[in-house]
Amino acid sequence: MTVKEGDGLPDEEQEKEKRASLGGDLIIPVSGSIFALYYFTTIWNSPWTAQVSAFFIGAVLIFLSTIITIRIVRAVRAGEAHLNFDHLLAPIDFMGKRIALMALTIAYILGVQWGGFTITTFIFLSLAMLLLNSGKNKKLIFILSLTMALGGWALFIWAFETRFPSGPFENMMKGIL
Amino acid sequence: MEFDPAIFLALFEEALGYWWVILPAIFLGLIVGAIPGFSAANTIIILLPLAISLPVEIGFVFMIALYASSRMGAGIPAILVNIPGTAGAAATPLDGYPMTQQGRGQQALAISFVSSALGGLLTTILALLAMPWLAEVAFHLHSVEMIVIMLFGVSLIATIAAEDTLKGLIAGFFGLMIGSIGADHVYETPRGTMGFLELYDGVPLIPALVGLFAISEAFSVIDRDSILTERGKVAMRDSGWGPTIEGMQLALSRWWHIIWTSIIGLVIGVIPGAGAAIASFVAYQQSRTYSKMPELYGTGHLEGLIAPESANNGVTSGTLVPLLVIGIPGGATAAIMLVVLQYHGVTMGTELFMEKPELAYLPFTTMAVTYFLMLFTIMPLARYMSRVTVVRTVYMAPLVISFTLVGAFVPREYQFDMLLALIFGVIGYIARKTDYHVAAILIGIILGPLLEGFFIRVMKMHQGDVSALFSSTLGNVLWVCLVANLALPYFMKRRRSKKAAKA
């Protein structure tokens, strides 16, 4: 006998499992409609050339968003779906790592203009890989992060002279080379 | 500009003699094309002192080889890690990435290389032979015709929306709304910029591309050990040279598909202001419309990969036609080439063909030689490049995030663009998880502002008279083609269902 998903759960919970999680489906239409309304306020007193396409696109977006909202609300009322965000956050036990990676990414963006590309990239890569790999393979992660950060500096900044964010390391190497 | 085989043969021979310039340019082009934020245009700007200091012929050969190879390079990360190197490769991951996930990355690369090289080679020869007539195309295609051509690309949103029409359309219109951000085309009135000066020129494409594809993908795959499916892992473990050969054979078996989709690229490339992004979306949409198996598109379908890759390489030679014949660059890279050539005192137009025909034809023969050499130099690398897909996501995701974010910084050097890429990453993540297609959002962002620009131009020229959209014969022919194109899949589907019912 094969074991199916949901086997062994009480009837009520099995029923809940079957219901679709549609809360996340509303994010794009709702935020799109809010943005469209905000956009309208910025062009209200503008010449027609600035208004014509935006009013058309925005109106269609709001219309379509209303239809999908009605569709979702009807599904919820019929007991076929619920308005949580499980589908968006799944797998839920990985959410902590995902949020931590997001925080690291924001820190990287904010820090790169002070620390420069090489140092900030090395720190970001090391921390992000350690986070995702649950602290395992520290030596490999250190070597990989260092190689990629230095390789990136050599290829983009030194060889191609691309204007990547500069910091102490880039300035020091500029002085040496 | 008459065709003389002996002269052309001599010109090809001359271009082949520049192999020592072409080969390094190929490898450089492949690298810069593959990195989001870099492009042939940026690289030529960086290497401008070198391009200017070289003799004009060598400088021209270097720029052309770099341009052609960067176009091919942009498809590599699009296929392997779902990150298009440029907007021109934005349609490539639609079928290229699913192939990679199935463990067919090596095969997909081989298909892409053959389609790109043959498409580029064929259109270069066509451009060389039909230059006077192609230059006429640029004269006849005005704003009205451009609106219809762009609508072919925009209608791809409806095609993508086939699975869930409502969600696909919402994604497309959401993209069009984002694409409307920025100052208007006539009075420079800021619209929807939320007060950010950085958005006055509109939403920059590279951060949008990086965010929607790379960042969102990186955040999506971290809960898995690999981007490959279980079958994909097995396929990758057992792969030797076979998938490369198989990919070449598969691409060659669709030679007709390569021909007609690359010609779409050539014609769109000839139009100044159009570009590889429009060409690849239009070619993909056309390919799907006329396919006998449209339902396979988006699942790793061979023709879904051939179409955008052939078309965006067809654009490359197309953009050179208006540059050389009328002195109007068809794109950013062609504009920089024009600057370099003008520095050397080269005057474009008929004068160039009369006084220096060897220089006028050199870019085309160089491009043909570049595509020919690329087939042999890059093909063996497919096997090794595809190994990148076996790297564990715990290492791959942080690398993708950091390098693509810096790639978003490069074009304008704004920290704001990195934050913008992250915001697009969040939008892309939500879109992926809730089945709103990121490609539909991107089509809106890329084509929306272009479409609006041409529409406003027509309206201004005709005092707001909408009937002007139907005022040209060529435009009306294109309108009929567009309507037929949109209706055709419906009728073909009905016909297939009837046949199936009879069987």
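Residue positions within a chain follow its written sequence, with the count starting from 1. Going through the entries in the order they are written, you letter the chains from A and number the ligands from 1. Given that this is a predicted model, residues contribute local features only at a pLDDT of at least 70 and side-chain atom pairs are listed and counted only at 80 or more, while totals for whole chains, interfaces and linings are drawn from all residues.

K.L.:
Before we go on, may I ask you to explain the overall build of chain A in this structure?
P.N.:
Each helix corresponds to a stretch of at least 4 residues labelled H or I by DSSP, and each strand to a stretch of at least 2 residues labelled E; elements are numbered beginning at the N terminus. Per the secondary structure count, chain A includes seven helices and two strands. When the helices and strands of chain A are read in sequence order from the N terminus, they spell out α-β-α-α-β-α-α-α-α. The burial criterion counts other C-beta atoms lying within 10 Å of a residue's C-beta, which is placed from the backbone; the residue is buried at 20 or more, exposed at 12 or fewer, and partly exposed between these limits. Burial status across chain A gives 28% buried among its 177 residues. Counting contacts in chain A only where the partners sit at least 6 residues apart, residues at least 24 apart contribute 65% of the total. By the convention adopted here, residues are in contact when the distance between their C-beta atoms, placed from the backbone, does not exceed 7 Å.

K.L.:
Would you explain the overall build of chain B in this entry?
P.N.:
Each helix and strand in chain B was counted, giving 26 helices and zero strands. At 22 Å, chain B has a C-alpha radius of gyration in line with the 23 Å of a compact globule built from 503 residues. Taking the principal axes of the C-alpha coordinates as reference, chain B spans close to 60 × 60 × 60 Å. Within chain B, the fraction of its 503 residues that count as buried is 58%. All radius of gyration figures rest on C-alpha atoms, and the globule criterion is 2.2 Å times the number of residues raised to 0.38.

K.L.:
Would you explain unusual backbone geometry in this entry?
P.N.:
Note on backbone geometry: most residues besides glycine have negative phi, and most peptide bonds are trans. For S134(A), which is not a glycine, the phi torsion comes out positive at approximately 50 degrees. As for its placement among the helices and strands, S134(A) is situated in the loop between α5 (95-132) and α6 (138-159). S134(A) gets classed as exposed once you count the C-beta atoms within 10 Å, which come to 9. Backbone geometry places M194(B), a non-glycine residue, at a positive phi of 55 degrees. Looking at where M194(B) falls in the secondary structure, it is placed in the loop between α12 (165-179) and α13 (205-221). The exposure class of M194(B) is exposed, given the 11 C-beta atoms found within 10 Å.

K.L.:
Explain the confidence of the model for chain A to me, please; I cannot follow it from the model alone.
P.N.:
Should pLDDT be low for a region, the predicted coordinates there are not to be read in detail. Confidence in the prediction of chain A, expressed as mean pLDDT, is 85, and 89% of residues score 70 or more. Across the chain, each position has a pLDDT score giving the predictor's confidence in that residue, from 0 to 100. The model gives residues 1-10 of chain A a pLDDT under 50, and that stretch makes four contacts with residues more than four places away or in other chains.

K.L.:
In this structure, what is going on with the interface of chain A and chain B? I would like to understand it.
P.N.:
Frequently, the measure chosen for interface size is the accessible area removed from exposure when the parts meet. Taken together, the 54 residues of chain A in the interface contact 46 residues of chain B. If you list the elements that add at least two residues to the side of chain A that touches chain B, you get α2 (27-43), α3 (48-77), α4 (86-89), α5 and α6 of chain A. The dominant element in the side of chain A that touches chain B, judged by the number of residues it contributes, is α5(A), at 14 residues. Polarity classes work like this: nonpolar for Ala, Val, Leu, Ile, Met, Phe, Trp, Tyr, Cys and Pro, charged for Asp, Glu, Lys and Arg, and polar for all others, with Gly in that last group. Its residues assigned to classes, the side of chain A that touches chain B shows 34 nonpolar, 15 polar and five charged.

K.L.:
Explain the packing of α5(A) against α6(A) here, please?
P.N.:
Helix-helix packing is characterised by the crossing angle of the two axes and by the distance between the axes. Residue and element names in this part refer to chain A. Lines are fitted to the C-alpha atoms to define the axes, a helix being fitted only along its stretch in contact, and any angle between axes, read from their N-to-C directions, falls within 0 to 180 degrees. In the contact formed by α5 and α6, the axes pass within 9 Å of each other and the chain directions differ by 150 degrees. Classified by the angle their axes make, α5 and α6 are roughly antiparallel. The way α5 lies across α6 gives a crossing that is right-handed. Note on element contacts: α6 touches α5 through K138, I141, F142, S145, L146, M148, A149, L150, G152, W153 and I157, opposite F117, T118, T121, F122, L125, S126, M129 and L130. Classifying every residue of the contact of α5 with α6 gives 13 nonpolar, five polar and one charged. Orientation is classified from the angle alone, with under 35 degrees giving roughly parallel, over 145 giving roughly antiparallel, 65 to 115 giving roughly perpendicular, and any other angle giving oblique. Working rule for handedness: look at the near helix, and if it is turned counterclockwise from the far one by less than a right angle, call the crossing left-handed; if clockwise, right-handed.

K.L.:
Is there a simple way to explain the environment of V148(B) in this structure?
P.N.:
Residues and elements named next belong to chain B. For V148, the position within the fold is in helix α10 (residues 143-154). For V148 and C481, which are 333 residues apart along the polypeptide, the C-alpha to C-alpha distance reads 9.3 Å. Filtering out sequence-adjacent residues up to four positions away, V148 remains in contact with G475, L478, W479 and L482.

K.L.:
Mind showing me how you'd approach the environment of I34(A) here?
P.N.:
Residues and elements named next belong to chain A. Counting through the fold element by element, I34 comes out in helix α2. Judged by the 12 C-beta atoms lying within 10 Å of it, I34 falls in the exposed class. Separated by 24 residues in sequence, I34 and G58 place their C-alpha atoms 9.9 Å apart.

K.L.:
Honestly, the environment of T229(B) in this entry has me stumped. Any pointers?
P.N.:
All names here are of chain B. As for its position among the elements, T229 is in the loop between α13 and α14 (230-237). Sequence separation of T229 and A90 is 139 residues, and the distance between their C-alpha atoms is 23 Å. Those residues in contact with T229 that sit more than four places away from it in its chain are Q101 and Q102.

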